[in-house]
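Spelled out, the chains give:
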Amino acid sequence: MDEDELVDYFRTQMSEDPEVPSAVAAIRTLLEFLKRDQSETIQGLRENLKRTIGRLEEADSSVAVSSGGELFLRFISLTSLEHPDLSQCKKVMVERGELFLEKISSSRSKVAKLCHTFIKDGAKILTHSSSRVVLRVLESAAADKKRFTVYVTESQPDSAGQKMAEKLRRLNIPVTMVLDAAVGYIMEKVDLVIVGAEGVVESGGIINKIGTYQLAVCSKAHNKPFYVVAESFKFVRLYPLNQQDVPDRFKYKADTLKAVEDLAEEHPMIDYTPPSLITLLFTDLGVLTPSAVSDELIKLYL
Amino acid sequence: MQIHQPRKMNEQELVEYFKTQMRTDPDMASAVAAIRTLLEFLKRDKGETIQGLRESLKWATRCLTGVDSSVAVSSGGELFLRFISLTSLEHQDLSRCKKVMEERGELFLEKISLSRTKVAKLCHTFIKDGAKILTHSYSRVVLRVLEKAADEKKRFTVYVTESQPDTAGRQMAEALRRRNVPVTIVLDASVGYVLEKVDLVIVGAEGVVESGGIINKIGTYQMAVCSKAHNKPFYVVAESFKFVRLYPLNQQDVPDRFKYKADTLNTVSDLSEEHPVIDYTPPSLITLLFTDLGVLTPSAVSDELIKLYL
């Protein structure tokens, strides 16, 4: 499979099922690549996979593609690959790859099952931008016959909040869209804040759509719980200490990175929220406090 | 020979005069335009008693707040009324009382027309060379402060928020670019992101309340919370006619008539669907207020307010 086929396959996966996380589509692509790969050695195979991951990152610069790809690679190489025959090793790797894919495809439901119990009847929830995980959580809560109202931020520059509001209206959940600037204003009215994450970092902090950080600061100021919902393949080996530490390749969309020279003029798409502002993280590995995240990360990546 | 006296202004003429004032000088504060209108109204008024005069002026202020619902028009009007009534109006002749009131009105107008310059003179010294400043939306007072600092040959860069829903931040950025000040527009959502880079935050105010807090364009409150979290000084620049007799304890306490634009209030029935255009920032988040009465801490504001309104 050459590079163009790769990117095409990836994009086809994304367009066929808009609900699929970009990381899952990336992992499907990697699995396909693995099946068709013609290398003669394990080392060669790993090199090719790493290169492929790099290529996919260029196509879609979200943190989850990067972390998902790396986790996939580690997971499949975890077995003792001591078979004399290369094709047998490959067979084992492909099997493990399928297993990994199966596990993560069900992760969103696991998260939703854990989180929706924290939404009490009559709750007012604030969320940021458009997150499919948060949507799934709210769907489960609505299916459980809970009554709640949702405030969603408009989330410039792409107004992703409008999509979220639409989807929630279709579920008959009362939803109000608020300006990004109105977050401090309505914080006193809400009971809890739930956001998704594009990536979860080693410190237990998260990387998410721009505006999440000030949402977290305001919740802390008003003593409202700030919950994060994220699948485990979003755990990434980064340790930013402030906003500047997040690598540029995640901060901007892939097209912007390629097209624009002076990144200082562009609006960054994401920001970093430190762990001190997060109450709990709901993942398919369980309900974690931010400090427990690094333990889980070590277990994942070992 | 009949001397043609200008007749008493009715509501329509009042509003017309006010709008004309705003049009002829877009740089003028809306409160100053309102006070000019009230002065003109006073000159043409035909009341027979002082009480009647005061009632008419109150009515005129209400009309003007119906046109422009900003806090400053309301507070400016009230302060004008108090200032002109402050003298002992013990003359026998009503026309002489009126004359005194008019003189004091002109004096008041003169004082407040200079207030923006006074504020700028006080504040620009707090901007050090090489400073990075964050400001919110479009404020003519902040613009004047930054212009003064630029005139003093200070080098600084400005980040201004775009400030939805009317993207007023772009106007501010344009005005600053014309003065050759390096300026970057940031999203309202990027305030937390950009705060670690800046040295200080300067905002204007639409109104200053009794507690020392301010009412300003929506988004100011979260800017203040984030600056506190990052330990950056949060400065407010406001003229003294913006001091208003309100004591909100939270966002809900701000009266609806200030929260939405006048057109919205007149046309829309269900206000809960509208975006509010202002929010309230409590005094605990404000470092200093620069006014034409001096540089005040938030706790000093209520003292000054008492002196103004007494």
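I will try to describe carefully the structure that is included in this document.

About the cut-offs
Residue positions are given per chain, counting from 1 as you read along its sequence in written order. For this description, chains carry letters from A and ligands carry numbers from 1, given in the order in which they are written. Restriction of local features to residues with pLDDT of at least 70 applies here, the model being predicted, together with a cutoff of 80 or more for giving and counting side-chain atom pairs; totals for whole chains, interfaces and linings are based on all residues. Working from all heavy atoms in the structure, the side-chain values ignore hydrogens and water. Under the DSSP-based scheme used, a helix requires at least four consecutive residues in state H or I and a strand at least two consecutive residues in state E, with every element numbered from the N terminus. The atom set for the radius of gyration is the C-alpha atoms, and the globule formula is 2.2 Å times the number of residues raised to the power 0.38. A simple rule labels every residue: compare its accessible area, found with a 1.4 Å probe on the protein chains alone, to the largest value its type can have, and call it buried under 20%, exposed over 50%, or partly exposed in between. Accessible areas in this description were obtained via Shrake-Rupley with a 1.4 Å probe; residue shielding takes into account the shown protein chains only. We treat Lys and Arg as the positive residues and Asp and Glu as the negative residues; His and chain ends play no part in the count. Lysine's charge is taken at NZ, arginine's at CZ, aspartate's at CG and glutamate's at CD. Paired rings are identified among Phe, Tyr and Trp, the last through its six-membered ring, by centres lying within 6.5 Å, and are further divided according to the angle between planes into stacked (under 30 degrees), edge-to-face (over 60) and tilted (the rest). When DSSP finds two or more bridges between two strands, those strands count as paired. It only takes one pair of heavy atoms within 4.5 Å for two residues to be counted as in contact. Once two parts are joined, some of their accessible surface, as seen by a 1.4 Å probe, is lost; buried area is that loss totalled over both. By convention in these notes, a salt bridge is any Lys or Arg side-chain nitrogen within 4 Å of a carboxyl oxygen on Asp or Glu. For this analysis, a polar contact is any N or O atom pair within 3.5 Å, provided that within protein one partner can donate a hydrogen and the other can accept it, and provided that sequence-adjacent residues contribute only side-chain to side-chain pairs. Each C-beta atom gives one direction from the helix axis, and the arc is the one those directions make.

## Things to note about the overall build of chain B
At step 1: What chain B contains, in helices and strands, is 13 helices and 10 strands.
At step 2: In terms of overall dimensions, chain B is globule-like: its C-alpha atoms have a radius of gyration of 20 Å, near the 19 Å expected for 310 residues.
At step 3: With respect to the principal axes defined by its C-alpha atoms, chain B has extents near 70 × 45 × 35 Å.
At step 4: Buried residues in chain B amount to 55% of all 310 residues.
At step 5: About 14000 Å² of surface is accessible on chain B, with carbon and sulfur atoms providing 49% of the total.
At step 6: Put simply, chain B has 42 plus and 40 minus side-chain charges, and the middle of one group is 5 Å from the middle of the other.

## Points about the packing of aromatic side chains
At step 1: The tally for this structure, following the rule as stated, stands at nine aromatic pairs over all chains.
At step 2: Counting every residue linked through ring pairs, the aromatic cluster contains Phe118(A), Tyr227(A) and Phe282(A).

## Brief notes about the pairing of strand β4 (residues 192-195) of chain A
Residues and elements named next belong to chain A.
At step 1: With burial as the criterion, each face of β4 is covered, one bearing Leu192 and Ile194 and the other bearing Val193 and Val195.
At step 2: Both strand β1 (residues 123-127) and β4 contribute to a ladder of two bridges, which runs parallel. What sits directly across from Leu126, in β4, is Val193.
At step 3: Pairing analysis gives three bridges linking β4 to strand β7 (residues 226-229), with the strands arranged parallel.

## So, the sheet that holds strand β8 (residues 278-281) of chain B
All names here are of chain B.
At step 1: With antiparallel pairing, the three strands of this open sheet are ordered in space as β5-β6-β8. Each having just a single partner strand, β5 (207-208) and β8 make up the two edges of the open sheet.
At step 2: Pairing of β5 with strand β6 (residues 214-217) involves two bridges; the strand directions are antiparallel. When the bridges of β6 are listed, Gly207 appears paired with Ile215.

## Considering the pairing of strand β9 (residues 288-291) of chain B
Residues and elements named next belong to chain B.
At step 1: Going residue by residue along β9, you find Leu288 and Phe290 tucked away on one face and Leu289 and Thr291 tucked away on the opposite face as well.
At step 2: Summarising the sheet, strand β7 (residues 234-237) and β9 pair through three bridges and their orientation is parallel. Residue Val237 lies in a different strand from β9, and its bridge partner there is Phe290.
At step 3: Sheet topology note: the β9/strand β10 (residues 294-296) ladder contains three bridges and is antiparallel. Bridge assignment links Leu289 to a residue of β10, and that residue is Leu296.

## Focus on the environment of Pro255(B)
Residue and element names in this part refer to chain B.
At step 1: Among the secondary structure elements, Pro255 is positioned in the loop between β7 and α11 (256-259).
At step 2: Classification of Pro255 as buried rests on a relative accessible area of 19%.
At step 3: Placed 192 residues apart in sequence, Pro255 and Cys63 show a C-alpha to C-alpha distance of 17 Å.

## Side note on the interface of chain A and chain B
At step 1: On the chain B side, the residues contacting the 29 residues of chain A number 29 residues.
At step 2: For the pair chain A and chain B, the summed buried surface comes to about 2700 Å²; carbon and sulfur atoms form 61% of the total.
At step 3: Counting across the chain A and chain B interface gives zero salt bridges.
At step 4: In this assembly, chain A and chain B are joined by 14 residue pairs in polar contact (both at pLDDT 80 or more).
At step 5: Secondary structure elements with two or more residues in the side of chain A that touches chain B: β3 (175-178), α9 (183-186), α10 (212-222) and β8 (270-273) of chain A.

## A short note on unusual backbone geometry
Residue and element names in this part refer to chain A.
At step 1: For the peptide bond that leads from Gln156 to Pro157, omega is 5°, which places it in the cis range.
At step 2: Turning to its location among the elements, Pro157 is positioned in the loop between β2 (148-153) and α8 (160-170).
At step 3: Although it is not a glycine, Lys145 sits at a positive phi angle of roughly 60°.
At step 4: Note that Lys145 resides in the loop between α7 (132-143) and β2.

## Section: helix α6 (residues 107-115) of chain A
Residues and elements named next belong to chain A.
At step 1: Turning to α6, its buried residues are Ser107, Arg108, Val111, Ala112 and Cys115. For α6, the angular spread of buried residues about the axis comes to 140°, placing them on one side.
At step 2: Buried residues belonging to α6 abut α5 (86-105), α7, β7 and β9 (280-283).

## A look at the environment of Asp279(B)
All names here are of chain B.
At step 1: Along the chain, Asp279 falls in strand β8.
At step 2: Judged by its relative accessible area of 2%, Asp279 falls in the buried class.
At step 3: Separated by 25 residues in sequence, Asp279 and Val254 have C-alpha atoms that sit 8.0 Å apart.
At step 4: A polar atom in the side chain of Asp279 sits 2.9 Å from the backbone nitrogen of Gly219.

## Things to note about the sheet that holds β8(A)
All names here are of chain A.
At step 1: Strand order across the open sheet formed by three strands is β5-β6-β8, with antiparallel pairing between neighbours. The outermost strands of the open sheet, each flanked by one partner alone, are β5 (199-200) and β8.
At step 2: Here two bridges tie β5 to strand β6 (residues 206-209), and the two strands are oriented antiparallel to one another. Each bridged residue has a counterpart across the sheet, and for Gly199 the counterpart in β6 is Ile207.

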